[in-house]
Structures are given as structure tokens and as C-alpha cells.
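A look at the structure
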Amino acid sequence: LGPLQLSNRRVMAPCGSNTASDEGFPTEPQVDYYRQRAQGGLGLIIVEATTVNYERRRRDTKCLGINDDRFIRPLRTLVKKIQDEGARVGIQLVDSLVRVGKKPADFSKEEVYGIIEDFVQAAARAQQAGFDLVEFHFAHLYTLADFLSRQTNKREDEFGKGFEGRMRIAEEILTRARRQLGSDFVMGCRINGDEFVLKGNTFADGQLIAQRMEALGSDFIDVSAGGRPEEDGSWG
């Protein structure tokens, strides 16, 4: 996987366990949950969606955080337990506008750059904690997906207005993170292959997004789909 050698092709995709502490730190049951899965012979485990701004836009209760250096040491313990069982380990980085009832157009340009910096610094902390790779969450009902989506991104500046504008936040995050992490550290992106909603991204959009992610330096693409309501809030 890029410069990273895996022992086999079996990968555990990120999936929330809702077992972190109320402050966003790994707990003993959570560490053991991942250790047992590594014991099962997986080549790579990507740890569940971890919030890059836990105080302001966390994904959910009982989810991991990585928005402060205080998280590095506890996450390093989690990483070592997984690696000691022979698996490589990544972490998925996420932010959630929907948790605060916001959409991309509600943020100033300065605030958008703040979100970008949250992701870049979270990736740097992941590297310091010993993770073998990071995955940026551009899918489902999360902040970066909101910027990519034709349905939700109504901005009229360089972070909206057409495909290149909607991709701008990805360009900023991936370019800055690569500069911060170095050329040999693996980065990937989870995207929606299709949003399955009216006025949302289609399969054709998903193909263009994947190609652009690769051009921006993503070492792998993790394809999901859906996870977004219609504009009226219904789920089809």
C-alpha cells in the first residue's frame, strides 16, 4: 500500500465502537476490542472515525478525539497493542458540521482554513502516535463530504462554485498534510461513490472525485456510498 508493506490483504474498515471515554480517550475495553481483531490475522486495521475538533464538532458521544497533544500518548498505547499482534494500523479522521446544525456556506473563509488546519494537525498527531497511515473521511454526513457534495455546498467563493471549488478543501488538506507528514507516510481518503440523493453527487461525480484524490497524492481510495438525507431531511 504505497510504501507500506502489509502481511495480507485483509483490512478492517473503520467502524464506530462507541467505547471511548467521555473525553475522547481510548479505554481499556476499546484497546482490547482492537487487539482481539488484530489477533484474528488482519493485515490492516483502520481505527474508527476520530474527531479532529472534539470540543466543537465531535462525531458523537463516546468517540475518539485527536485535537490536542494530550491524545498522542493514549493513542500510542492503542497503536502498540495492535502492532504487537502483527497488524498495521491506521486511523480515520473526521469532523461533523451536522452536529452543530451548520452547512459549508455558514462558515467564513477563515473558519474553513481553521477546519483544514484541524485535519492537518490531527494527521501530524497520528503520525507521532505511531499510526502507519491516516484516512481522511470525505464521505457520508460529515464536514468534508458536505464540501464535496453538490447538494450541500452552496458557497460562492473558491471553496464552492463548481467541481474545482468543491474539491478545494481536499486539495488544501492533502497538500498541507503531505508537506507535514513527508513523502513516505501513507494517506488515504474515504469517499462516496454515489450519494443516492436528489441534487447530490452521482456515480459519475464519484469517479471524478476519486481521480482528483489520486492526483492530489492519496495512496488509496476507500469507497462507500449513501449516508446522506434528502434536502427535506428525509432518508428516502
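Not measured: the values here are computed from a predicted model.

Considerations on the nonpolar core
Among the nonpolar cores identified, the biggest contains 55 residues, and L93, V134, F136 and M213 are the most heavily contacted of them. With eight residues, helix α4 (residues 109–128) is the largest single contributor of residues to this core. Once residues within four sequence positions are removed from consideration, L93 is found in contact with T50, V52, I66, F119, A122, A123, V134, E135, F136 and H137. Counting six residues, the second largest nonpolar core, distinct from the first, contains L4, I46, V186 and F220.

Considerations on the pairing of strand β6 (residues 220–224)
When strand β5 (residues 186–192) meets β6, the two strands line up parallel, connected through five bridges. For R190, the partnering residue across the bridge sits in β6 and is D222. Regarding the hand of the β-α-β motif, the stretch spanning β5, helix α8 (residues 203–215) and β6 is right-handed.

Re α4
When the terminal C-alpha atoms of α4 are compared, their 29 Å separation across 20 residues agrees well with the 28 Å that a helix rising 1.5 Å per residue should span. The set of residues buried in α4 consists of V112, I115, I116, D118, F119, V120, A122, A123, A124, R125 and A126. Looking at the buried side of α4, the elements it contacts are α2 (54–57), α3 (72–83), β3 (88–94), β4 (133–137), α5 (143–148) and α7 (168–181). With its phi angle positive at about 100°, G130 sits one or two positions after the end of α4.

Some details on the side chain of T152
Tracing the chain through its elements places T152 in the loop between α5 and α6 (163–166). You can call T152 buried: its relative accessible area is 7%. Within the structure, T152 has its side chain in polar contact with the backbone oxygen of D146 (distance 2.8 Å). Not counting the four nearest positions on each side in its chain, T152 is found in contact with K103, P104, A145, D146 and R228.

Describing the environment of N153
Here N153 is to be found in the loop between α5 and α6. Remark: the alpha-carbon pair of N153 and G165, spanning twelve residues in sequence, is separated by 9.5 Å. The residues contacting N153, other than those within four sequence positions of it, are P104, D146, F147, F159, G160 and R166. In this structure the side chain of N153 is engaged in a polar contact, spanning 3.1 Å, whose partner is the backbone nitrogen of R155.

Quick word on the pairing of β4
For β4, the buried fraction is high: five of the five residues fall into the buried class. Side chains L133, E135 and H137 project from β4 onto one buried face, and the interleaved V134 and F136 project onto a second face that is buried too. Of the pairings in the sheet, the one linking β3 to β4 comprises four bridges and is parallel in character. Bridge pairing links I91 to V134 in β4.

Here we look at the packing of aromatic side chains
By the definition in use, this model includes four aromatic pairs. On the numbers, 4.9 Å between centres and 85° between planes, the contact of Y33 with Y34 is edge-to-face. Owing to a relative accessible area of 22%, Y33 belongs among the partly exposed residues under this scheme. Overall, the relative accessible area of 0% leaves Y34 in the buried class.

Scoring rules and cut-offs
Residue positions are counted from 1 within each chain, in the order its sequence is given. Totals for whole chains, interfaces and linings use all residues, but because this is a predicted model, local features are given only for residues with pLDDT of at least 70 and pairs of side-chain atoms are given and counted only at 80 or more. The basis for the side-chain values is all heavy atoms of the structure; hydrogens and waters are excluded. We define a nonpolar core as any set of buried Ala, Val, Leu, Ile, Met, Phe, Trp, Tyr and Cys residues linked to one another through side-chain atoms lying within 4.5 Å. Exposure classes here rest on a 1.4 Å probe applied to the protein chains alone. A residue is buried below 20% of its type maximum, exposed above 50%, and partly exposed in between. We count a stretch as a helix when DSSP gives it H or I for four or more residues in a row; a strand needs E for two or more, and each element gets its number in order from the N terminus. Should any heavy atoms of two residues lie within 4.5 Å, those residues are counted as being in contact. Two strands qualify as a pair provided DSSP detects at least 2 bridges between them. A crossover gets the label right-handed when its path from the first strand over the helix to the second runs clockwise, viewed with the strands pointing away from the viewer. To estimate the expected span of a helix, subtract one from its residue number and multiply by 1.5 Å. Residues adjacent in sequence count toward polar contacts only when both atoms are side-chain atoms; beyond that, a polar contact is any pair of N or O atoms within 3.5 Å, and within protein one must be able to donate a hydrogen and the other to accept it. Any two of the Phe, Tyr and Trp rings considered here, Trp counted by its six-membered ring, make a pair once their centres fall within 6.5 Å; the pair's planes then place it as stacked at under 30 degrees, edge-to-face at over 60, or tilted in between.

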